Amino acid sequence: MNYLIETIGCQMNMCESDVLSSVFSAYGASKVSSLSDADVAILNTCSVRAQAEQKAFSYLGRIKEFKQKNPSIKVVVIGCMAERLGSKIKKRFNSVDLIIGAKDIDNAALRIMDLFHMSNFAKKVNSEIKSEVTRYVTIMKGCDNYCSYCTVPFVRGKEISINFEKIVNKCSSMVKNGAREITLLGQNVNSYKCEDVNFAALIKKVAAIENLKRIRFMTNHPKDLSDDLIKIMATEPKVCSHIHLPMQSASDKILKAMNRKYSHEHYLKLIKKLRAAIPDISVTTDIIVGFPGETDEDFEDTLEAVKTIKFDGLYVFKYSPRPNTKAFGMIDDVPLQEKKRRHAVTLEEANKISIEIVSEIIGSTQQVLVEKIKNGIIKARTRGGRKVFAKGDKEEYLGKHINVNIKEAKVNSLFGSII
Ligand code: SAM
Ligand code: SF4
């Protein structure tokens, strides 16, 4: 079976696509990069914003045209949008053969292989499969937080922490196969709890895996980020100095309406604690502009916070009303033009800050982990998560820490030479 997989949305979706790919390769299937080489086209979808759903619809439109000329190709839609709109998708696109919602994602690989009568085949030995240097491991499913704008609790269901032994075994097996950096994923990793193991304790267990060099994790929720976690970030050398801590807004009125359960003051205290404990920490965030009731003043508070906190990176989203959520019942009273303006102003400010931050990196030496080597260029990342490129073709660099002297810096990538 040759499969093409297209992923829309967050890291969680990337991780689930990655899991599918590793099961497929264990059964001898091959990943391809064009529709014309594929027996099956898989689309992993996202419902967080209306825009992500529109993107999926237009992709399905293109596949429908392709299938008219190539009727043997199978089309599978998986993930959050499949969960939310499964029957509508089927009605609109008769080209779709199989729909697998986010809540049934664990069975996706077998259900897709069943289309090709493949799941009866003997599985190859897992250890034959060489891993990428960086891998993602889901440690929690679903979410119980019900932020008033968010569809995730509805499409992914209740929060469940995966057993810590299973997580550690999975990470160990990835490391045995060549992984050197693992990102632990959950909608709110700070509320991880399995028996008496909380998130900080889980990190300790993962850090004990021999040959694993780096641990990252996301996403964090300011209401649950603990001192224990800050301590382990400061003391465990394998934990990278990066935290993604979504702020969403700096207006307490808006945070309350979003049901985020923290104040802006609490958020600022966390940033202070993190920076005191881990001086080289890189802090990134998510912001929503144009939430119902967000006045010019509320927005100015958020913009001011962006200026004073000086995030290393941020994602800014225009509020998009999602069915079933509490905010769907609120009046979406910020006009689209104004949402676009707030979005552009925030990005512009964030870019200015990024330029300031990266220009300070020029001339420094950074320890990076080499993730890929292609055409004589190594692609690596700093501990803070910035991409670094340098000339180098030695295969032995792959998965190793090396030092790079940074000569040039752009907002999203650094360029340097190996020392
Ligand atoms: N669980 C994570 C958290 O709490 O931050 C990430 C959830 S969501 C997949 C990623 C980001 O999308 C959120 O942090 C939020 O900024 C944004 N988002 C979620 N729902 C949205 C909506 N309805 N409109 C605009 N942005 C939204
Ligand atoms: Fe959505 Fe909030 Fe859960 Fe994140 S914590 S997934 S924003 S409900």
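Computed from a predicted model, the values in this text were never measured in an experiment.

*Asks:* Can you walk me through the site of ligand 2 in this structure?
*Replies:* Every residue close to ligand 2 is listed here: Cys-143, Asn-145, Tyr-146, Cys-147, Tyr-149, Cys-150, Val-152, Pro-153, Gln-187, His-221 and Arg-260. Looking at the shell around ligand 2 residue by residue, the classes come out as seven nonpolar, three polar and one charged.

*Asks:* Explain the environment of Lys-407 to me, please; I cannot follow it from the model alone.
*Replies:* Its location among the elements puts Lys-407 in strand β19 (residues 401-409). Residue classification places Lys-407 among the exposed positions, given a relative accessible area of 53%. Aside from chain neighbours lying at most four places away, what touches Lys-407 is Ile-362, Phe-415, Gly-416 and Ser-417. A polar contact is formed between the side chain of Lys-407 and the side chain of Asn-405, at a distance of 3.2 Å.

*Asks:* Can you help me understand the sheet that holds strand β3 (residues 40-45) in this one?
*Replies:* By way of backbone hydrogen bonds, the strands of a sheet pair with one another, either parallel or antiparallel. Spatially, β2-β1-β3-β4-β5 is the arrangement adopted by the five strands of the open sheet, whose pairing is parallel. With partners counted over all chains shown, the strands left at the sheet margins are β2 (30-31) and β5 (98-101), one partner each. Pairing of strand β4 (residues 74-79) with β5 involves four bridges; the strand directions are parallel. The residue bridging Val-76 from the neighbouring strand is Leu-98, located in β5.

*Asks:* I would appreciate a short explanation of the site of ligand 1 in the present structure.
*Replies:* Around ligand 1 sit 15 residues, and of these Arg-49, Gln-187, Gln-248, Asp-286 and Ser-320 come closest. One of the side-chain nitrogen or oxygen atoms of Asp-286 is found 2.6 Å away from an oxygen atom of ligand 1. Ser-320 places a main-chain nitrogen or oxygen 2.8 Å from a nitrogen atom of ligand 1. Taken by itself ligand 1 offers 560 Å² of open surface, and the protein chains cover 92% of this. Those elements giving two or more residues to the shell around ligand 1 turn out to be β14 (282-289) and β15 (313-318). Class assignment of the residues belonging to the shell around ligand 1 gives a composition of six nonpolar, four polar and five charged.

*Asks:* What should I look at first to understand the nonpolar core in this one?
*Replies:* Nonpolar side chains in soluble globular proteins generally cluster together in the buried interior. Formed by 59 residues in total, the largest nonpolar core has its most connected members in Ile-139, Leu-184, Tyr-192, Phe-199, Leu-202 and Phe-217. Each residue touching Phe-199, except ones within four places of it in the same chain, is listed here: Ile-139, Leu-184, Val-189, Asn-190, Tyr-192, Phe-217 and Leu-229.

*Asks:* I keep staring at helix α6 (residues 164-176) and nothing clicks. Help me out?
*Replies:* For the α-helix, the turn length of 3.6 residues means that residues three or four positions removed from each other point alike. With 13 residues, α6 ought to run about 18 Å at 1.5 Å a step, and its terminal C-alpha atoms sit 18 Å apart, in line with that. Here α6 has its buried residues at Phe-164, Ile-167, Val-168, Cys-171, Met-174 and Val-175. In an axial view of α6, the angular spread of the buried residues amounts to 125°, which keeps them on one side of the axis. The outward face of α6, more than 90 degrees from its buried face, is lined by the exposed residues Lys-166, Asn-169 and Lys-176. Looking at the packing, one finds that the buried side of α6 touches β6 (134-138), β9 (181-185), β10 (193-194), β11 (197-198) and α7 (199-207). You can read the cap of α6 off the contacts: a side-chain oxygen lies 2.7 Å from the backbone nitrogen of Glu-165, and it is on Asn-163. Just downstream of α6 lies Gly-178, where phi reads positive at about 120°.

Cut-offs and rules
The numbering scheme is per chain: residues are counted from 1 as the chain's sequence reads. Labels follow written order: the first chain is A, the first ligand is 1, and so on. Predicted model: local features are reported for residues with pLDDT of at least 70 only, side-chain atom pairs are reported and counted for 80 or more only, and whole-chain, interface and lining totals are derived from all residues. The side-chain numbers reported here are obtained from all heavy atoms of the structure, hydrogens and water having been left aside. Any residue with a heavy atom positioned within 4 Å of a molecule or strand is treated as near that molecule or strand. Gly falls in the polar group here, along with every residue not listed as nonpolar (Ala, Val, Leu, Ile, Met, Phe, Trp, Tyr, Cys, Pro) or charged (Asp, Glu, Lys, Arg). Each helix is a run of DSSP H or I of at least 4 residues and each strand a run of E of at least 2, with the numbering of both proceeding from the N terminus. Here's how the labels work: a residue is buried when its accessible area is under 20% of the maximum for its type, exposed when over 50%, partly exposed in between, all with a 1.4 Å probe on protein chains only. It only takes one pair of heavy atoms within 4.5 Å for two residues to be counted as in contact. Any pair of N or O atoms that falls within 3.5 Å is considered a polar contact. Within protein, one atom must be able to donate a hydrogen and the other to accept it, and sequence-neighbouring residues count only if both atoms are side-chain atoms. Should DSSP find at least two bridges between two strands, the strands are taken to pair. Note on areas: these come from Shrake-Rupley sampling with a 1.4 Å probe, and a residue is covered only by the protein chains present in the view. Take the buried Ala, Val, Leu, Ile, Met, Phe, Trp, Tyr and Cys residues and link them wherever side-chain atoms come within 4.5 Å; each set so joined is a nonpolar core. Here the expected span of a helix is defined as 1.5 Å times the quantity of residues minus one. Picture the helix axis, draw a direction to every C-beta atom, and the arc is the one those directions span.

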